[in-house]
Amino acid sequence: MAIILGVESTAHTFGVGIVKNGKILVNVKDTYTTEKGGIIPIEAARHHEQKKYGVYEEALRQSGTKERDIDAIAFSQGPGLAPCLLVGMRFTKEIAEKLRVPIIPVNHCIAHIEIGRVTGAKDPVMLYASGANTQIIAYAAGKFRIFGETLDVGVGNFIDSFARYAGIGFPGGPRIQEMAEKGHALIDLPYKVKGMDVAFSGILTNLKQKIESGKYNVNDLAYSLQEVVFAMLVETAERAMAHTGKKELLLGGGVGCNKRLQEMCEIMCRERGAKFFVPSNDLLTDNGSMIAYTGEIMFKSGISEKINGLDIKPRQRTDEVEVSWR
């Protein structure tokens, strides 16, 4: 038996999760938000510094875990915002040194994939839709391969940028979903699928121009944004499923909380005779439990590292990691 504590700090969320034998004992997090404007990395890192001990202690309290029971600590090594990643790594080293336990460096994107196991998904194509990342991923030949991705910004950052331009604070995704549910008119927007990849910057420029013109209802723009952009994501995911022959689709990342995106994925899978899986919202958004869960899988396969020499990897790609545990 092993008890693994996971630390998440790639962007807006500082989270601590604890996992024991594949069971999530606790998932505690605190998220940086703004009333207006987007995420400021230094401010988010300052938020993490202020909240880290409280989140850690609350996770221990809620789970009934004693520090002496922890066998290893996993942390998000990358990709992510460097100031935020540094807070998580330094905190992990501090606790690991205090408890004299090994550290497991976890790729944030892969953690979003591996936590999908709790849904029953076994070998899926994953549509990973988050703030900074938009990728179509599947396991093949010792790595998680990227079959398609954004050519510019992540879909979540794209949505947040539109929300910011419309005068909404961070994060903008939940508000955009609410606005889209009030919209009815499908307004023509660019559709940017290029092979297996997608692009959002041109769509954002078009939306900004429409807001500036004053001729369009912002709820209709939000509705149209979702219909067009989510159709792009589902199209590329379906093409990856056809290419790999896999019969499962897993939705991951914070944008996966969007009910319309879930609905479109479910329709596509039903038409293909495939299975659709999506974790609960608390496991879709950034969280320490997915880091602990992945860390436990890696730890049981013999992967762990000493404190010295460990560093963050802000630009680490999903397909760089050797997946020796599968």
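Refer to the structure above for everything that follows.
Scope of this entry: the structure provided in the associated data block. Every residue gets a number counted from 1 within its own chain, in the order that chain's sequence is written. Local features in a predicted model are, by the rule used here, given only for residues with pLDDT of at least 70; side-chain atom pairs are given and counted only at 80 or more, and totals for whole chains, interfaces and linings are based on all residues. With hydrogens and water stripped out, all remaining heavy atoms of the structure feed into the side-chain values.

### Let's talk about the sheet that holds strand E12 (residues 275–277)
- At least two bridges found by DSSP between two strands is the condition for calling them paired. Working definition: helices are DSSP H or I runs of at least four residues, strands are E runs of at least two. Numbering for both runs from the N terminus. One open sheet accounts for 5 strands, arranged E8-E7-E6-E11-E12; its pairing is mixed. Each edge of the sheet is formed by a strand with only one pairing partner; in this case those strands are strand E8 (143–149) and E12. Looking at each pair of strands side by side, their axes are set apart by 25° on average, direction ignored.
- Direction of pairing for strand E6 (residues 125–129) relative to strand E7 (residues 134–140): antiparallel, over a ladder of 5 bridges. Bridge pairing in E7 places Ala129 opposite Thr134.
- Across the sheet, helix H7 (residues 218–244) touches E6, E7, E8 and strand E11 (248–252), and the angle it forms with E6 is around 160°. The axes used here are C-alpha line fits, helices contributing only the stretch in contact, and every angle between their N-to-C directions lies in the interval 0 to 180 degrees. The contact criterion used throughout is that any non-hydrogen atoms of two residues lie within 4.5 Å.

### Some words on the nonpolar core
- Grouped together as the largest cluster of nonpolar side chains are 43 residues, with contacts concentrated most on Leu127, Val155, Phe158, Phe200 and Leu249.
- Residue assignment for this core shows that the elements contributing at least two residues are E6, E7, helix H4 (155–165), helix H5 (173–182), helix H6 (201–213), H7, E11 and helix H8 (259–272).
- No other element matches the 12 residues that H7 contributes to this core.
- Setting aside anything within four residues of it in sequence, one finds Val155 in contact with Ala129, Ser130, Gly131, Thr134, Phe200, Val229, Leu233 and Val255.
- If you look at the next biggest cluster of nonpolar residues, it comprises 30 residues, including Tyr32, Cys84, Val87 and Val101. Here, nonpolar core refers to any group of buried Ala, Val, Leu, Ile, Met, Phe, Trp, Tyr and Cys residues whose side-chain atoms link them within 4.5 Å. To sort residues, take the accessible area from a 1.4 Å probe on protein chains only and compare it with the maximum for the residue type: under 20% means buried, over 50% means exposed, and anything in between is partly exposed.

### Some details on H4
- Across the 11 residues of H4, 8 count as buried, placing the element largely inside the fold.
- When we look at burial in H4, the residues that qualify are Val155, Gly156, Phe158, Ile159, Asp160, Ser161, Phe162 and Ala163.
- At its buried positions, H4 is contacted by E6, E7, H5, H6 and H7.
- Just past H4, the residue Gly167 takes up positive phi, approximately 85°.

### Concerning the environment of Ile103
- As for its placement among the helices and strands, Ile103 is situated in strand E5 (residues 103–107).
- Taking C-alpha positions, Ile103 is 23 Å from Val118, a pair spaced 15 residues apart along the chain.

### Concerning unusual backbone geometry
- With omega at -5°, the peptide bond leading from Gly78 into Pro79 counts as cis.
- Position of Pro79 relative to the elements: it lies in the loop between strand E4 (72–78) and helix H2 (82–99).
- Even without being glycine, Asn21 reaches a positive phi, approximately 50°.
- Structurally, the position occupied by Asn21 is in the loop between strand E2 (13–20) and strand E3 (23–31).

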